[in-house]
Amino acid sequence: MDERAAIDVEDCTRCSALPDSRRQIVNGVGPVDADVVFVGEAPGEQEDREGEPFVGRSGTLLDDVLAEHELDRQTVRITNAVKCRPPENRDPTTTELRNCRDYLERELEAIDPVVIVTLGKVPTEHLLDRSVAVTAEAGTSEQVTIRGATYRVLIGIHPAATLYDPSTRDTFDAVIAEAAALLEG
Ligand code: URA
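Reading guide: rules and limits
Residues numbered from 1 in each chain as written. Predicted model: local features only at pLDDT ≥ 70, side-chain atom pairs only at ≥ 80, totals over all residues. Heavy atoms only, no water. Helix = DSSP H or I, 4+ residues; strand = E, 2+ residues; numbered from the N terminus. Rg over C-alpha atoms; globule rule 2.2 N^0.38 Å. Areas by Shrake-Rupley, 256 points an atom, 1.4 Å probe, with all protein chains shown as cover. Lys, Arg positive; Asp, Glu negative; His and termini not counted. Charge placed at Lys NZ, Arg CZ, Asp CG, Glu CD. Near = heavy atom within 4 Å. Polar contact = N/O pair within 3.5 Å; in protein donor to acceptor, adjacent residues only side chain to side chain. Nonpolar A, V, L, I, M, F, W, Y, C, P; charged D, E, K, R; others polar. Expected span 1.5 Å × (residues − 1). Buried < 20%, exposed > 50% of the residue type's maximum accessible area, 1.4 Å probe, protein only. Arc of directions from axis to C-beta. Contact = heavy atoms within 4.5 Å. Salt bridge = Lys/Arg side-chain N within 4 Å of Asp/Glu carboxyl O. Core = buried A, V, L, I, M, F, W, Y, C linked by side-chain atoms within 4.5 Å. Pairing = 2+ DSSP bridges.

## Quick look at the overall build of the chain
Next up, step 1: A tally of regular secondary structure across the chain gives nine helices and five strands.
Next up, step 2: Relative to a compact globule of 185 residues, whose C-alpha radius of gyration would be 16 Å, the chain shows 15 Å and is just as compact.
Next up, step 3: Its C-alpha atoms give the chain principal-axis dimensions of roughly 40 × 35 × 30 Å.
Next up, step 4: Accessible surface for the chain amounts to roughly 8700 Å². Of this, 43% is attributable to carbon and sulfur atoms.
Next up, step 5: Measuring between centres, the 19 positive side-chain charges of the chain sit 5 Å from its 36 negative side-chain charges.

The following block contains the structure:
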């Protein structure tokens, strides 16, 4: 089994609602030796159709801002805290996050990134295990230990937030710039 197959979720029925709401499981994409992992919440409709995270409008925005900072989808890892689309795009529940945690942890363990960037409140609170005022705290980072390894988690806002509230676009840019700087350093 190659490393990619070992971290991909092939089949899962841990959640009661998600096996019926998903078309497919949406695994992370990007190299298994990437220096940065972006962690979103859960796949949306287009991601569920195409089987790839962040390919809808938020994904285009993410790709654009990555490119502005000389990062691109081919060299970073992009994944979600929950690998299946929740019904009607609702937020994943605490139970769903917990059920999927193991898959995210093994993905992070295999990749061992320099920095993890959370995209939005749900993955940020999930990884930091505390309530977070994402817009206020975006761009700050803290150390988190997962399966015995310590990672730097950089708090980011969700790209979709910048579509609803364009005033957050600068914050989103600043987070990606900070991630690029951490990779340089
Ligand atoms: N939003 C997410 O959190 N993840 C995706 O994959 C797409 C949109």
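## Points about the site of the ligand
Next up, step 1: The immediate surroundings of the ligand are formed by Gly 40, Glu 41, Ala 42, Pro 43, Glu 47, Pro 53, Phe 54, Asn 80 and His 158.
Next up, step 2: Taking Glu 41, its main chain carries an N or O atom lying 2.8 Å from an oxygen atom of the ligand.
Next up, step 3: For the ligand, a nitrogen atom lies 2.8 Å from a polar atom in the side chain of Asn 80.
Next up, step 4: Within the complex, the protein chains bury 92% of what would otherwise be the 240 Å² of accessible surface of the ligand.
Next up, step 5: When the residues that make up the shell around the ligand are grouped by side-chain class, the tally is four nonpolar, three polar and two charged.

## Quick notes on helix α4 (residues 57-68)
Next up, step 1: Taking 1.5 Å per residue, 12 residues should reach 16 Å; α4 reaches 17 Å between its end C-alpha atoms and fits that length.
Next up, step 2: Turning to α4, its buried residues number three or more, namely Ser 58, Gly 59, Leu 61, Leu 62, Val 65 and Leu 66. Buried positions in α4, seen along its axis, are confined to an arc of 160° and lie on one side of it.
Next up, step 3: Where α4 is buried, its residues touch β1 (36-40), β2 (77-80), β3 (115-119), α8 (159-164) and α9 (169-184).

## A look at the pattern of salt bridges
Next up, step 1: Tallied over the entire structure, the rule returns 18 salt bridges.
Next up, step 2: Between Glu 107 and Lys 83 there is a salt bridge whose closest N-O contact spans 2.8 Å. Pair noted here: Glu 107 is in helix α5 (residues 94-111) and Lys 83 is in the loop between β2 and α5, with a separation of 24 residues, a long-range link.
Next up, step 3: For Glu 107, a relative accessible area of 2% translates into the label buried.
Next up, step 4: When salt bridges with common partners are traced through the structure, they connect Arg 14, Arg 101, Asp 102, Glu 105, Glu 109 and Arg 147 into a single cluster.

## Digging into the nonpolar core
Next up, step 1: Formed by 53 residues in total, the largest nonpolar core has its most connected members in Phe 38, Leu 62, Leu 108, Val 117, Phe 172 and Ile 176.
Next up, step 2: Of all elements in the fold, only β1, α4, α5, β3, α6 (121-128), β4 (141-146), β5 (149-156) and α9 reach the threshold of two or more residues within this core.
Next up, step 3: Residues within four places of Leu 108 in sequence aside, it is in contact with Val 37, Pro 113, Ile 116, Leu 127, Ile 146 and Tyr 151.

## A short note on the side chain of Asp 48
Next up, step 1: Take Asp 48: it is sitting in helix α3 (residues 45-50).
Next up, step 2: Of the residues examined, Asp 48 reaches a relative accessible area of 1% and is grouped as buried.
Next up, step 3: The residues touching Asp 48, leaving out its near neighbours within four places in the chain, are Ser 21, Arg 22, Arg 23, Gln 24, Val 26, Pro 43 and Arg 85.

## Brief notes about the pairing of β2
Every other side chain in a regular strand lies on the same face of the sheet, so the side chains alternate between the two faces.
Next up, step 1: With burial as the criterion, each face of β2 is covered, one bearing Arg 77 and Thr 79 and the other bearing Ile 78 and Asn 80.
Next up, step 2: Two strands pair when backbone bridges link them, and β1 and β2 are joined in this way by four bridges, in the parallel orientation. For Val 39, the partnering residue across the bridge sits in β2 and is Thr 79.

## Overview of the pairing of β1
Next up, step 1: Burial analysis of β1 places five of its five residues in the buried class, which makes it a mostly covered element.
Next up, step 2: Alternating positions in β1 separate into two faces, Val 36, Phe 38 and Gly 40 on one and Val 37 and Val 39 on the other, with burial throughout.

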